[in-house]
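Each chain, letter by letter, is given below.
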Amino acid sequence: MPPGITTLAADTPTLSAANTGFMLICSALVMLMTPGLAFFYGGMVRVKSTLNMLMMSFISLGIVTILWVLYGFSLAFGTDIGSVIGWSSDYVGLSGIGITQLWDGYTIPVYVFAVFQLMFAVITPALISGALADRVKFTSWALFITLWVTVVYFPVAHWVWGAGGWLFELGVIDFAGGTAVHINAGAAALGVILVIGKRVGFKKDPMRPHSLPLVMLGAGLLWFGWFGFNAGSWLGNDDGVGAVMFVNTQVATAAAMLAWLGYEKLRHGSFTTLGAASGAVAGLVAITPSGGAVSPLGAIAVGAIAGVLCAMAVGLKYKFGYDDSLDVVGVHLVGGVAGSLLIGFFATGGVQSDAKGLFYGGGLDQLGKQAVGVFAVLAYSLVVSAILAFLLDRTIGMRVDEDDEISGIDQVEHAETAYDFSGAGGGAAPRTNASSTAPGTTAASQTKKVDA
């Protein structure tokens, strides 16, 4: 999907069963990332917000899927209009697409490309939810997703990946979503939290994760699914570029996890499981735009730099006073910016395109292009997301009542709790006999004391 690509075949492409099957598997892997994200975020919140956090991700699977079929795919990947948006009537409702019709220049059907890109569209707004934990009405969140993907994600996806999109034509490299997904979501998260404000007890209550095993499970699912996210973004498996991206994904993630843990040990004195999970995600974020442009050694550098920068950035919310509940800004925005800009330094010119970074004799040209892409997406998403949150807050309200937030958003918004302990202590009364009965008492009286 990045600019500067070559087609998979010199002649007119024909449908490839191998590439089609590969891309369907990659699509399923990317779909798995959204439940993985739900577990990752769900374990990081307090018990009383667990289900709400899971649902804020899961609802995106429903809403965005329908919008994508109705008009989202057309807006993102239809015929270019003014380099800012797309539109093709054949893509509306996916009604005018032949079952063997190929995506232009590739050997996979349009339907396969559409469903692969759908999974990107689904997870991007779900990423935003982590910044809003504990305090947003579920109805308002669902409406925000609907509006946000329509006026932010679909246009930005066209800018970055759509034929004719202005960032695509400029030559900005974004292999799998550093700008369109991670900077987009991170900037949106910042815009919304600046509007809706802090959680009750921010900086006063510890607000510790209630289940680190859930966090680790979610991080593992994200890491696993990310191979489809990244390697699949070449849309085929014929020329080795996807294989390089697969390797770089693993390498950068490992480097970022180690770098985060090293920073954490030096700064705070401990290696934490939360740090390992967060470091891995930071590496995945950073390599997403850059993995098709750098070597494995470059991937180590990208991951290590991102791991340290993101570990440092998560503490900024306490310094500047914005309540980014689960560090979406610190990990996804900062990691996305780092990974996108580092292309301008570490691009070798020998993988996805001939664009070279500063360290490989390419000068500052590619770095300049990357900077334009980064800050254009950041500014647009930040401003428009803040406007959407402001409008919703002033109309239907974005936040639950303070009392409801304190008592627990799960019960208020979903009439459920994550864990039911009602039967945990309901064992039968202990058996008694003459030898175990204390002097001067009866078995019945001892039983009554135990029950009390």
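Scoring rules and cut-offs
- Residues numbered from 1 in each chain as written.
- Predicted model: local features only at pLDDT ≥ 70, side-chain atom pairs only at ≥ 80, totals over all residues.
- Heavy atoms only, no water.
- Helix = DSSP H or I, 4+ residues; strand = E, 2+ residues; numbered from the N terminus.
- Rg over C-alpha atoms; globule rule 2.2 N^0.38 Å.
- Contact = heavy atoms within 4.5 Å.
- Areas by Shrake-Rupley, 256 points an atom, 1.4 Å probe, with all protein chains shown as cover.
- pLDDT = per-residue confidence, 0-100.
- 1 Å grid on protein atoms, 1.4 Å probe; cavity = no way out; pocket = protein on both sides within 12 Å on 5 of 7 lines; lining within 4 Å.
- Points joined across faces, edges and corners; volume = space filled by probe spheres on them.
- Buried < 20%, exposed > 50% of the residue type's maximum accessible area, 1.4 Å probe, protein only.
- Polar contact = N/O pair within 3.5 Å; in protein donor to acceptor, adjacent residues only side chain to side chain.
- Phe/Tyr/Trp six-rings, centres within 6.5 Å; stacked < 30°, edge-to-face > 60°.
- Expected span 1.5 Å × (residues − 1).
- Axes fitted to C-alpha atoms, helices over the stretch in contact; angles between N-to-C directions.
- Left-handed = near helix turned anticlockwise from the far one by under 90°.
- Nonpolar A, V, L, I, M, F, W, Y, C, P; charged D, E, K, R; others polar.
- Core = buried A, V, L, I, M, F, W, Y, C linked by side-chain atoms within 4.5 Å.
- Patch = residues over 30% accessible without salt bridge, like charges linked within 9 Å, V, L, I, M, F, W, Y side chains within 5 Å.
- Salt bridge = Lys/Arg side-chain N within 4 Å of Asp/Glu carboxyl O.

**Concerning the overall build of the protein**
Phase 1: The secondary structure content of the protein amounts to 16 helices and 2 strands.
Phase 2: The globule rule puts the C-alpha radius of gyration for 452 residues at 22 Å, and the 25 Å found for the protein is close to it.
Phase 3: When its C-alpha atoms are laid out on the principal axes, the protein stretches across 100 × 50 × 45 Å.
Phase 4: Sequence separation of 24 or more characterises 76% of the internal contacts of the protein that already satisfy a separation of 6 or more.
Phase 5: A total of about 17800 Å² of accessible surface is found on the protein, and carbon and sulfur atoms cover 65% of it.

**With respect to the confidence of the model for the protein**
Interpretation of this model should avoid reading the predicted coordinates in detail wherever pLDDT is low.
Phase 1: Here the protein averages 92 in pLDDT, while 91% of its residues score no lower than 70.
Phase 2: Across residues 2–10, where pLDDT falls below 50, the model places 27 contacts with residues more than four positions away in sequence or in other chains.
Phase 3: Note that pLDDT drops below 50 for residues 427–452; the model gives that stretch 12 contacts with residues more than four away or on any other chain.

**Re empty space enclosed by the protein**
Phase 1: One pass over the full model with this rule turns up 1 cavity of 30 Å³ or more.
Phase 2: Here the largest cavity defines a volume of roughly 70 Å³.
Phase 3: Together, Phe40, Tyr41, Met44, Trp260, Ser278, Val281, Val314, Leu326, Asp327, Val331 and His332 line the largest cavity.
Phase 4: Those elements that place two or more of their residues in the lining of the largest cavity are helix 1 (17–44), helix 9 (273–290) and helix 12 (328–346).

**Side note on the environment of serine 290**
Phase 1: By the secondary structure assignment, serine 290 is in helix 9.
Phase 2: A relative accessible area of 0% places serine 290 in the buried class.
Phase 3: Separated by 117 residues in sequence, serine 290 and isoleucine 173 place their C-alpha atoms 7.6 Å apart.
Phase 4: The contacts of serine 290, once residues within four sequence positions are left out, are Val302, Gly339 and Ile343.
Phase 5: For serine 290, the side chain forms a polar contact with the main-chain oxygen of alanine 286, separated by 3.0 Å.

**Description of the packing of aromatic side chains**
Phase 1: Applying the stated criterion across every chain, the model contains 26 aromatic pairs.
Phase 2: Measuring from ring centre to ring centre gives 6.1 Å for phenylalanine 77 and tryptophan 103, while their planes differ by 85°; the resulting arrangement is edge-to-face. On the criterion of sequence distance, the pair formed by phenylalanine 77 in helix 2 (residues 50–77) and tryptophan 103 in the loop between strand 2 (85–87) and helix 3 (110–128) is long-range, its members being 26 residues apart. For the pair formed by phenylalanine 77 and tryptophan 103, the shared burial category is buried.
Phase 3: Between the aromatic rings of tryptophan 141 and phenylalanine 144, the centroid separation amounts to 5.8 Å while the plane-to-plane angle is 20°, which identifies the pairing as stacked. Taken as a pair, tryptophan 141 and phenylalanine 144 lie in helix 4 (residues 138–161) at a separation of 3 residues, close to a single helical turn.
Phase 4: Taken together through their ring pairs, the aromatic side chains of Trp68, Tyr71, Phe73, Phe77, Tyr91, Trp103, Phe113, Tyr153 and Phe154 make up a single cluster.

**A few points about helix 3**
Phase 1: The end-to-end C-alpha separation of helix 3 is 28 Å, in line with the 27 Å expected for 19 residues at 1.5 Å each.
Phase 2: With respect to burial, helix 3 is a largely interior element, 17 of its 19 residues being buried.

**Quick look at unusual backbone geometry**
Phase 1: In this structure, aspartate 134 takes a positive phi of about 85° despite not being glycine.
Phase 2: Here aspartate 134 is to be found in the loop between helix 3 and helix 4.
Phase 3: Accessibility expressed as a relative area gives 3% for aspartate 134, which makes it buried.

**Considering helix 13 (residues 365–395)**
Phase 1: With 31 residues, helix 13 extends 46 Å from end C-alpha to end C-alpha; this agrees with the ideal 45 Å at 1.5 Å per step.
Phase 2: Once helix 13 ends, the next one or two residues include glycine 397, with phi positive near 85°.

**Some remarks on the packing of helix 6 (residues 178–196) against helix 13**
Phase 1: Two elements in contact, helix 6 and helix 13, have axes separated by 7 Å at closest approach and are oriented at 40°. Judged by the twist between their axes, the crossing of helix 6 over helix 13 is right-handed. For the pair helix 6 and helix 13, the contacting residues are Thr179, Ile183, Asn184, Ala187, Ala188, Leu190, Gly191, Val192 and Val195 in the first and Gly373, Val374, Val377, Leu378, Ser381, Leu382, Ser385, Ala386, Ala389 and Phe390 in the second.
Phase 2: Among the residues making up the contact of helix 6 with helix 13, the classes are represented as 13 nonpolar, 6 polar and no charged.

**A closer look at the nonpolar core**
Phase 1: Among the nonpolar cores identified, the biggest contains 110 residues, and Phe40, Phe73, Trp103 and Leu132 are the most heavily contacted of them.
Phase 2: Counting residues per element, this core draws most heavily on helix 4, which supplies 15 residues.
Phase 3: Excluding residues that lie within four positions of it along the chain, phenylalanine 40 makes contacts with Leu214, Val215, Gly218, Ala219, Leu222, Ala277 and Val281.
Phase 4: Membership of the second largest hydrophobic core comes to 9 residues, among which are Ala252, Ala299, Val302 and Phe346.

**A short note on a nonpolar patch on the surface**
Phase 1: Side chains of Val84, Trp166, Leu170 and Val372 sit close together on the surface and give an oily, nonpolar patch of about 290 Å² of accessible area.
Phase 2: A relative accessible area of 42% places valine 84 in the partly exposed class.

**Description of the environment of valine 64**
Phase 1: Along the chain, the position of valine 64 falls in helix 2.
Phase 2: For the pair valine 64 and threonine 288, spaced 224 residues apart in the sequence, the C-alpha separation amounts to 22 Å.
Phase 3: With sequence-adjacent residues up to four places away left out, valine 64 is seen in contact with Leu118, Ala121, Val122, Pro125, Ile145 and Val149.

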